[in-house]
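Below are the chains, spelled out letter by letter.
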Amino acid sequence: HLSKLPDVGTTIFTVMSKMAVDHNAINLSQGYPDFPSDPALIELVVRAMRDGLNQYAPMPGLLSLREAISEKTASLYGRLYDPVSEVTVTAGATQALFTAISAFIYPGDEVILFAPAYDSYLPAVELYGGKARVVQMKPPAYKPDWEEVESLITDRTKMLVINSPHNPTGTVWDEQDMKTLQDLAVRYDFMVLSDEVYEHIIFDGIHHQSASKFEALAQRSLVTASFGKTFHNTGWKLGYCLAPSGLMEEFRKVHQYNVFSVNRPVQEGLAAYLKDPRNYLNLGQFYQEKRDHFLKMVSGSRFELLPSSGTYFQLLDYSSISDEGDVQFAESLTVEKGLATIPTSVFNPGGEDFRQLRVCFAKTTETLDKAAEIINAVQ
Ligand code: PMP
Ligand code: GLN
């Protein structure tokens, strides 16, 4: 039989996390915390289970959770999404992204991606017959050249997929980027899928520029978010999608047959937990301290440290250490030195290998210190 996704193998996250286990390596590869979620949140979820709230949630998500999401979004970004018709709770951002792409992309539609790009966008676009046009972003800034973006727009351009704060580079788009994007979206009439899973993990006093803050942009955007990133429980796979009702109606047509609805007791717990803004507003400071501790610990190493303004990722450039390709370099580092990272070329299929590794600093001080020892010993 013919494969619908001939170029797709096992994702790098599975490969590197397995390699880390097989070689007993410190795992700074796949992005997830190695410390627990707030016990108060766990208690809320467990209580919901004990209270018997274990049957299907409503198709778009619990109304109380959708209301809490709507309130959070309005207070942070100033746009009111109607909890009834414009908010849908999903099985993580991955499902929201996939559902959004499948609901809107027809064969022959062109989708503009910004490389390096999170690895789930391209297969979803291709599975629905879309054609990706890729804007290559380059180190150290990893920001798009907007003239290049405009030059790739054609009358078949249906959607742009954006991601700020950006995995894997830690780059954050500013207000001007969003205004330029908004102008293009209105002028050329395309949709935007805005992956904002790291919205609260942003440093140095920078403010997240959500697509929902820009009214003309918000009218043509689907915004995706992830509770796993925000509340340190990536294994719960809970997230959501925001969109104006016309777009959300189409999104839900797919969602209802894709999953119908998602984890009920976790939704119950999150609905209560989300009411206290301190539970997410302190996250930037929390991760900034981790970033700064890690940077201090590895400042004397031979790796060049790229700027990270958001996400829980940091890029390490090893081009002055080795000429090896990054997949090979990451494998040797895991197998021979005991440290698993992500080679960034996997986010850039067909593009350049910039000789950079991504490390995840969502780890305890103890883990970060052990990792730093290995990084500092690389000659
Ligand atoms: N988008 C980006 C940019 C991510 O980094 C991740 C998680 N690694 C996701 C989407 C998926 O989020 P979730 O785990 O909620 O599916
Ligand atoms: N988002 C996580 C990362 O970038 C991993 C998600 C996954 O394993 N698919 O590391």
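None of the values given here were measured: they were computed from a predicted structure.

Trainee: Provide a residue-level description of the overall build of the chain, including the pertinent values.
Mentor: The helix and strand inventory of the chain stands at 15 helices and 13 strands. A compact globule built from 379 residues would reach a C-alpha radius of gyration of about 21 Å, and the chain, at 20 Å, matches this within 12%. Referenced to the eigenvectors of the C-alpha coordinate spread, the extents of the chain come out at roughly 55 × 55 × 50 Å. Counting every position in the chain, which comprises 379 residues, the buried fraction comes to 49%. Here the contacts in the chain between residues at least 6 apart in sequence split such that 74% fall between residues at least 24 apart.

Trainee: Account for the site of ligand 1, naming residues and giving values.
Mentor: Near ligand 1 there are 13 residues, and of these Gly-92, Ala-93, Thr-94, Asn-167 and Ser-226 occur at the shortest range. By residue number, the principal contributor to the shell around ligand 1 is helix H4 (residues 92-104), which donates three residues. When grouped by side-chain class, the residues that make up the shell around ligand 1 number three nonpolar, nine polar and one charged.

Trainee: If you had to explain the domain arrangement of the chain to someone new, which residues and values would you point to?
Mentor: The domain boundaries assigned to the chain delineate domain 1 (12-30 + 282-377) and domain 2 (39-279). One C-alpha centre belongs to domain 1, the other to domain 2, and the line joining them spans 26 Å. Of the residues lining the interface, 27 residues belong to domain 1; the matching set on domain 2 comes to 26 residues. Considering each element in turn, the side of domain 1 that touches domain 2 owes the most residues, five residues, to helix H13 (residues 283-297).

Trainee: Kindly report on unusual backbone geometry, identifying the contributing residues and their values.
Mentor: Across the junction of Ser-164 and Pro-165, the peptide omega takes the value -15°, indicating a cis bond. Take Pro-165: it is sitting in the loop between strand E5 (157-163) and helix H7 (175-188). Residue Asp-189 is not a glycine yet carries a positive backbone phi of 60°. Residue placement: Asp-189 occurs in the loop between H7 and strand E6 (191-195). Of the residues examined, Asp-189 has 12 C-beta atoms within 10 Å and is grouped as exposed. With a phi close to 60°, Asp-204 is a non-glycine residue in the positive phi region.

Trainee: Tell me what's going on with the UniProt feature "domain: Aminotransferase class I/classII large" (unreviewed entry) in the chain, and back it up with residues and numbers.
Mentor: The UniProt feature table records "domain: Aminotransferase class I/classII large" (unreviewed entry) at residues 25-375. Along residues 25-375 the backbone is 40% helical and 16% strand, and the end-to-end C-alpha distance reaches 13 Å.

Trainee: Outline helix H10 (residues 245-258), listing residues and values.
Mentor: With 14 residues, H10 extends 19 Å between its outermost C-alpha atoms, agreeing within 8% with the 20 Å of an ideal straight helix rising 1.5 Å per residue. All of the buried residues in H10 are Leu-247, Met-248, Phe-251, Arg-252 and His-255.

Trainee: Go over the packing of helix H2 (residues 39-50) against helix H11 (residues 264-273) with me, naming the residues and quoting the values.
Mentor: Between two packed helices, the angle of one axis relative to the other and the distance separating the axes together describe the packing. Two elements in contact, H2 and H11, have axes separated by 8 Å at closest approach and are oriented at 135°. In this view, H2 runs oblique relative to H11, as classed from their interaxial angle. The hand of the H2/H11 crossing is right-handed. Here Leu-41, Leu-44, Val-45, Ala-48 and Met-49 of H2 come into contact with H11, specifically with Pro-265, Val-266, Glu-268, Gly-269, Ala-272 and Tyr-273. Residues that form the contact of H2 with H11 fall into these classes: nine nonpolar, one polar and one charged.

Trainee: Describe the sheet that holds strand E9 (residues 304-305), naming the residues involved and giving the relevant values.
Mentor: Read across the open sheet, the four strands follow the order E9-E10-E13-E12; overall the sheet is antiparallel. Of all strands in the sheet, those bounded by a partner on one side alone are E9 and strand E12 (342-343).

Trainee: Explain the pairing of strand E10 (residues 313-317) to me, using residue names and the numbers behind them.
Mentor: Extensive coverage of E10 is indicated by the burial of four of its five residues. Relative to strand E13 (residues 356-360), E10 runs antiparallel, the two being bridged by five bridges. Directly across from Gln-314, in E13, lies its bridge partner Val-359.

Trainee: Residues and numbers for the sheet that holds E5, please.
Mentor: A sheet is described by the order of its strands in space; here seven strands give the open sequence E2-E8-E7-E6-E5-E3-E4, paired in mixed fashion. Strand pairing shows two members of the sheet lacking a second neighbour, strand E2 (87-90) and strand E4 (131-136), which therefore form its edges. On average, each strand axis in the sheet is inclined to that of its neighbour by 20°, with strand direction left out of account. Strands E2 and strand E8 (239-242) of the sheet are contacted by helix H3 (residues 63-77), whose axis makes an angle of about 115° with E2. On top of the sheet, H4 reaches E2, E5, E6, strand E7 (221-226) and E8; it is set at about 160° to E7, its chief contact.

The rules behind each value
Residues numbered from 1 in each chain as written. Chains lettered and ligands numbered in written order. Predicted model: local features only at pLDDT ≥ 70, side-chain atom pairs only at ≥ 80, totals over all residues. Helix = DSSP H or I, 4+ residues; strand = E, 2+ residues; numbered from the N terminus. Rg over C-alpha atoms; globule rule 2.2 N^0.38 Å. Buried ≥ 20, exposed ≤ 12 C-beta atoms within 10 Å, placed from the backbone. Contact = placed C-beta atoms within 7 Å. Near = placed C-beta within 6 Å. Nonpolar A, V, L, I, M, F, W, Y, C, P; charged D, E, K, R; others polar. Domains from an automatic or database assignment. UniProt positions renumbered as here; feature names shortened; annotations may be inferred. Expected span 1.5 Å × (residues − 1). Axes fitted to C-alpha atoms, helices over the stretch in contact; angles between N-to-C directions. Parallel < 35°, antiparallel > 145°, perpendicular 65-115°, else oblique. Left-handed = near helix turned anticlockwise from the far one by under 90°. Pairing = 2+ DSSP bridges.

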